[in-house]
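Inside the fold
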Amino acid sequence: MIFVRAIAKRVALFLSPSCVISKLELPRVLNSDDTVLTHEAKELKSFFRRAVYIFRHAVVMSDCKCPVSPPSSVRGMTKLDRSAFKVSMDVPGLPVPVKSISDFNKKFKASLCKITKLKPIVLLPESDELHKTHRLFLLDPNLYKTLNDFSSRQQEMLKEIGVDIKSFRLYPLELGYDNWNVTEIMEAVLPEGTSNISGFSTIGHIAHLNLKQEVLKYKHLIGQVVMDKNTMVKTVVNKLTMIDNTFRNFQMELLAGEENYITRVKENGLTFEFDFSKVYWNPRLGTEHMRIVDSLGREDILYDVFAGVGPFSVPAAKKGVIVLANDLNSHSYESLQKNVKLNKIKGSIGCYNLDGREFIKTVVKDHMCKTWNECVENETKRNIVFTMNLPALAVEFLDSFVGLLADVKDHDFIDSEWVTMPKVYCYSFSKSDNPNKDVTDRVVAVLGSGILHDLNIRRVRNVAPNKDMLCATFTLNRDILLDQQHQVLHEGPPAKQMKMEEAAV
Ligand SMILES: C[S@@+](CC[C@H](N)C(=O)[O-])C[C@H]1O[C@@H](n2cnc3c(N)ncnc32)[C@H](O)[C@@H]1O
């Protein structure tokens, strides 16, 4: 939509009355020599030149600002040599009286020379008679080669603001490394036909790239360019493998900058600090975290089984929700504790460093029973919510709910009107052609078809070609929690519980 609007705006800009007329009236002479062209032919030529330029900019070079490319000699460079990017060119310029600068700026904004780190207005040399009274405006070299490239409407406008078109001149300019953006530099350096580096994520001061095999030869140069062109970036890393380890952190390689992976990010107004090389953090999950946290009421209880560094748990606790947050990775657990303090959480949050199954079968089980007994006693209701964001494996952990309360003595409370069954948000990946059915089948295979009545499958995002991340939302029921047959009794060693703050948990 933005693209269509941009084209429409540009076309409208150039369909000035004079251009329309010149399009309708056929020119008598069409010659490459501007001096013998009729007025109409000049206008038409100018119109087409603009049209081609607009098309190139809007369609082909939408990301490219600079009207000239770096020198061809930089092609294939593997070690960054910034001095090799120098290029000289003549840019069209128009001296504009100082008093008309603002008018000219407004009327010719679209015609100015747009080059990174270059102001399109310069002082004239002292030797120039206009030095004191005028400033030189640099114009887009793709639009203006000679003064004949100004449409008659533009010539009128120039006259109105006291600009003498005859003072049009070429201004010698030297461009260098600073005048191109990452895409332009990569287009010039990487072998022709190589796909440019696709975008990268920034996690605090760290830029995280996922380079294709074909550009690995240039990886250090790419890292350096990304750092040079993004002042906030101090460390550039490349993802080495798919995340397939238990803790879901990336294996990464330093491409440029400091080897410092301890970083701070803001998500949904809160601060998270962690070591990006040791824990999981995905900047693309902010909306999902907010969606779940927003759905929680202040009286609710959240059991965050795979909490990471706390993007569900910390904002929920900030809101007043009672939170039990768990992660098996000790680095995540430490950052989680740190983030609770960093965000001055005054509510109740307990942090645990356990296997997810262990967490559900010990800590959660006790807490849930205690909560429900209190609910019955006080004749109040409390919503219980589970977040299980370990998409590669979470569905397999659902068996922890089967028969969870079967060995609890006096579990009659479960049938009380004051007990509300827990809601589960269980995330999963799917590579199936029918991801909803795939996830539904897997959840039902563990928990039975009893959960189908309110099972909802939502697509969270596409993580790779043919791979989606989905969220299965459903409510547990008494049959699952009391299932005698499938109950797997916890026989392991006592849980390694590391609670941080349990005042009201
Ligand atoms: C995909 S991350 C999600 C982190 C966080 N909830 C988020 O939304 O960004 C999954 C987390 O599960 C943790 N994890 C992996 N296996 C686990 C297990 N068996 N028990 C508990 N946590 C586990 C990892 O350390 C990681 O922090």
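Residues numbered from 1 in each chain as written. Predicted model: local features only at pLDDT ≥ 70, side-chain atom pairs only at ≥ 80, totals over all residues.

**Comments concerning the site of the ligand**
Not every one of the 20 residues close to the ligand is listed here, only the nearest: Phe306, Gly308, Leu328, Asn329 and Gly356. Three or more residues apiece are contributed to the shell around the ligand by two domains, here domain 3 (182–266) and domain 4 (282–482). (Near = placed C-beta within 6 Å. Domains from an automatic or database assignment.)

**A few points about the sheet that holds strand S14 (residues 384–388)**
Spatially, seven strands are ordered S13-S12-S11-S14-S15-S17-S16 in an open sheet, and the strand pairing comes out mixed. Bordering the open sheet on either side are strand S13 (349–352) and strand S16 (456–464), each of which pairs with just one other strand. Strand-to-strand twist of the sheet, defined as the mean angle between neighbouring strand axes without regard to direction, takes the value 15°. Both S16 and strand S17 (residues 467–475) contribute to a ladder of seven bridges, which runs antiparallel. What sits directly across from Arg459, in S17, is Leu470. (Pairing = 2+ DSSP bridges. Helix = DSSP H or I, 4+ residues; strand = E, 2+ residues; numbered from the N terminus. Axes fitted to C-alpha atoms, helices over the stretch in contact; angles between N-to-C directions.)

**A closer look at the sheet that holds strand S4 (residues 169–175)**
Judged by pairing direction, the sheet is antiparallel, and its four strands sit side by side in the order S2-S3-S1-S4 without closing on themselves. The sheet is open, and its two borders are formed by strand S2 (121–122) and S4, each paired with just one other strand. Relative to S4, strand S1 (residues 87–97) is paired through seven bridges, and the arrangement is antiparallel. Note on S4: the bridge partner recorded for Asp90 is Pro172.

**As for the environment of Pro125**
Looking at the secondary structure, you find Pro125 in the loop between S2 and strand S3 (134–138). Residue Pro125 is classed as exposed on the basis of its 9 C-beta neighbours within 10 Å. Along the primary structure Pro125 and Arg135 are separated by 10 residues, whereas in three dimensions their C-alpha atoms are 9.9 Å apart. (Buried ≥ 20, exposed ≤ 12 C-beta atoms within 10 Å, placed from the backbone.)

**Digging into the pairing of S1**
Bridging between S1 and S3 involves five bridges; their strand directions are antiparallel. Counted as the bridge partner of Pro95 is Leu136 from S3.

**Describing the nonpolar core**
Judged by nonpolar contacts, the single largest core of 96 residues is most densely connected at Ile222, Val236, Val323, Met388, Phe401, Cys426 and Val443. Of the residues forming this core, the biggest block, six residues, is contributed by helix H11 (residues 356–378). For this core, the domains that each give at least three residues are domain 3 (182–266) and domain 4 (282–482). For Ile222, the residues in contact, after removing those within four places along its chain, are Met186, Ile197, Leu211, Val215 and Leu255. Listed in part, the 17 residues of the second largest apolar core include Ile115, Tyr144, Phe150 and Val163. (Core = buried A, V, L, I, M, F, W, Y, C linked by C-beta atoms within 7 Å. Contact = placed C-beta atoms within 7 Å.)

**Topic: the pairing of S14**
Most of S14 sits inside the fold, with five of its five residues counted as buried. Covered by surrounding structure in S14 are Ile384, Phe386 and Met388 together with Val385 and Thr387, the residues of both alternating faces. Across four bridges, the pairing between strand S11 (residues 301–304) and S14 is parallel. Within the sheet, the bridge partner assigned to Ile301 lies in S14 and is Ile384. Where S14 and strand S15 (residues 423–430) come together, four bridges link them in parallel fashion. Counted as the bridge partner of Val385 is Lys423 from S15.

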